[in-house]
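Coordinates in review
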Amino acid sequence: MAQVSLQGITRHFGNVTAIKDITFDIPDRQFWVLVGPSGCGKSTILRTIAGLESISSGKLYLGNRLVNNVPSRQRDVAMVFQNYALYPHMSVGENLAFGLKMRGEDKQKIAKRVQEVARSLDIEHLLKRKPKQLSGGQQQRVALGRAIARKPQVFLLDEPLSNLDAQLRDDTRVELKQLHQRLQITTVYVTHDQVEAMTLADRVVVLHDGQVQQIGSPQAIYASP
Ligand code: ADP
Ligand code: ADP
């Protein structure tokens, strides 16, 4: 069964059609990447899945649940943006544990998951620090870890690496892939970066003017002609 199913989704803003008749099914555990020029509708699709935008027409399912009218906080999704604020008064470890604690998970399970996520993102040595004692790149890793630690049904990322410098972007990309392989969460990822799309994606969705232009494996999409 598809974990995320978009069925003919259209969103208008006044007389602008941000996305038009978007249809695709993302199978459970896959990593899908949305690409295309600025303004083609990538963020609107992510925000729609997150429940941050309403749908003008079409149907959106998460698992077998029709969520068109389900508010964001009642969807089991986690989203990370370019700049994601951490809880400043909490340590890194507490930030990572936060969502699990809110859910009432037991202490042992929380400790195990925090260790697993911290190891995957190479932030084990930072667990006792406060966010302001971290570099921007380290903070973004913690933000990724915090979002994914509670194992949401769907993980949404909007250009999460674009504010990092080149070396850090490469390292974090590799760690994000490892984290996905460990936790196996269905992921939708927006980027401008072809290397990210090629190394992370099970499938790439190419958008143009708010419509799907092409869907395929990275090899098929980026094959030299
Ligand atoms: P991308 O993420 O690919 O850059 P967006 O999804 O942000 O594209 O935007 C798609 C289109 O919808 C653009 O033309 C943008 O200006 C428009 N748009 C997005 N959000 C709004 C909004 N809140 N109000 C009006 N227009 C919007
Ligand atoms: P991005 O860099 O991801 O494309 P934008 O800077 O285009 O983001 O948009 C940032 C925010 O502004 C989003 O919430 C988007 O929905 C909104 N937005 C985008 N385009 C417009 C627009 N033409 N009018 C009003 N709001 C917009």
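Residues numbered from 1 in each chain as written. Chains lettered and ligands numbered in written order. Predicted model: local features only at pLDDT ≥ 70, side-chain atom pairs only at ≥ 80, totals over all residues. Heavy atoms only, no water.

Focus: the sheet that holds strand 8 (residues 186–190)
- Reading across the sheet, the six strands line up as 6-7-8-3-9-10 and stay open at both edges, with mixed pairing between neighbours. At either end of the open sheet lies a strand with only one pairing partner, and these are strand 6 (77–80) and strand 10 (211–216). Taking the axes of each pair of neighbouring strands and ignoring which way they run, one obtains an average angle of 20° across the sheet.
- Its contacts with the sheet put helix 1 (residues 42–50) on strand 3 (31–35), strand 6, strand 7 (154–158), strand 8 and strand 9 (203–208), and the angle it makes with strand 7 is roughly 150°. (Pairing = 2+ DSSP bridges. Helix = DSSP H or I, 4+ residues; strand = E, 2+ residues; numbered from the N terminus. Axes fitted to C-alpha atoms, helices over the stretch in contact; angles between N-to-C directions. Contact = heavy atoms within 4.5 Å.)

Quick look at helix 4 (residues 136–149)
- Here helix 4 is 14 residues long and its end C-alpha atoms lie 20 Å apart, about the 20 Å a rise of 1.5 Å per residue gives.
- A large share of helix 4 lies buried, amounting to 11 of its 14 residues.
- All of the buried residues in helix 4 are Gly137, Gln140, Arg141, Val142, Ala143, Leu144, Gly145, Arg146, Ala147, Ile148 and Ala149.
- One or two positions beyond helix 4, positive phi appears at Lys151, with a value near 50°. (Expected span 1.5 Å × (residues − 1). Buried < 20%, exposed > 50% of the residue type's maximum accessible area, 1.4 Å probe, protein only.)

Some details on the nonpolar core
- Membership of the largest hydrophobic core comes to 40 residues, with the highest contact counts inside it found for Leu96, Phe155 and Tyr189.
- Tallying contributions element by element places helix 4 first for this core, with six residues.
- Not counting chain neighbours up to four residues away, the residues in contact with Phe155 comprise Ala78, Val80, Leu144, Ala147, Ile148, Leu176, Ile185, Thr186, Thr187 and Val188.
- Counting 27 residues, the second-largest nonpolar core is a separate cluster that includes Val4, Ile22, Ile55 and Met79. (Core = buried A, V, L, I, M, F, W, Y, C linked by side-chain atoms within 4.5 Å.)

Observations regarding the sheet that holds strand 1 (residues 2–13)
- Strand order in this open sheet of four strands is 2-1-4-5, and the pairing throughout is antiparallel. Either end of the sheet is taken by a strand with one partner, and the two such strands are strand 2 (16–27) and strand 5 (65–66).

Quick look at the layout of surface pockets
- A volume near 160 Å³ is recorded for the second largest pocket.
- Together, 15 residues line the second largest pocket, and Ser38, Gly39, Gly41, Lys42 and Ser43 are the ones closest to its centre.
- Residue assignment for the lining of the second largest pocket shows that the elements contributing at least two residues are strand 2 and helix 1.
- Class assignment of the residues belonging to the lining of the second largest pocket gives a composition of three nonpolar, eight polar and four charged. (1 Å grid on protein atoms, 1.4 Å probe; cavity = no way out; pocket = protein on both sides within 12 Å on 5 of 7 lines; lining within 4 Å. Points joined across faces, edges and corners; volume = space filled by probe spheres on them. Nonpolar A, V, L, I, M, F, W, Y, C, P; charged D, E, K, R; others polar.)

Here's the deal with the confidence of the model for the chain
- When pLDDT is averaged across the chain, the result is 94; 99% of the residues are at 70 or more.
- Taken together, the chains of this predicted complex give a pTM of 0.88 and an interface ipTM of 0.73. (pLDDT = per-residue confidence, 0-100.)

Overview of the pairing of strand 1
- For strand 1, the buried fraction is high: nine of the 12 residues fall into the buried class.
- Pairing analysis gives eight bridges linking strand 1 to strand 2, with the strands arranged antiparallel. Bridge pairing in strand 2 links Arg11 to Ile19.
- Hairpin geometry of strand 1 and strand 2 is characterised by an intervening segment of two residues between the two adjacent antiparallel strands and by a positive phi of about 60° at Gly14.
- One ladder, built from five bridges, connects strand 1 with strand 4 (residues 57–62); its direction is antiparallel.

Digging into the site of ligand 2
- In the vicinity of ligand 2, the contacting residues are Ser43, Arg47 and Glu53.
- Ser43 has a polar side-chain atom sitting 3.2 Å from an oxygen atom of ligand 2.
- Protein chains shield 21% of the accessible area of ligand 2, which is 550 Å² for the free molecule. (Near = heavy atom within 4 Å. Polar contact = N/O pair within 3.5 Å; in protein donor to acceptor, adjacent residues only side chain to side chain. Areas by Shrake-Rupley, 256 points an atom, 1.4 Å probe, with all protein chains shown as cover.)

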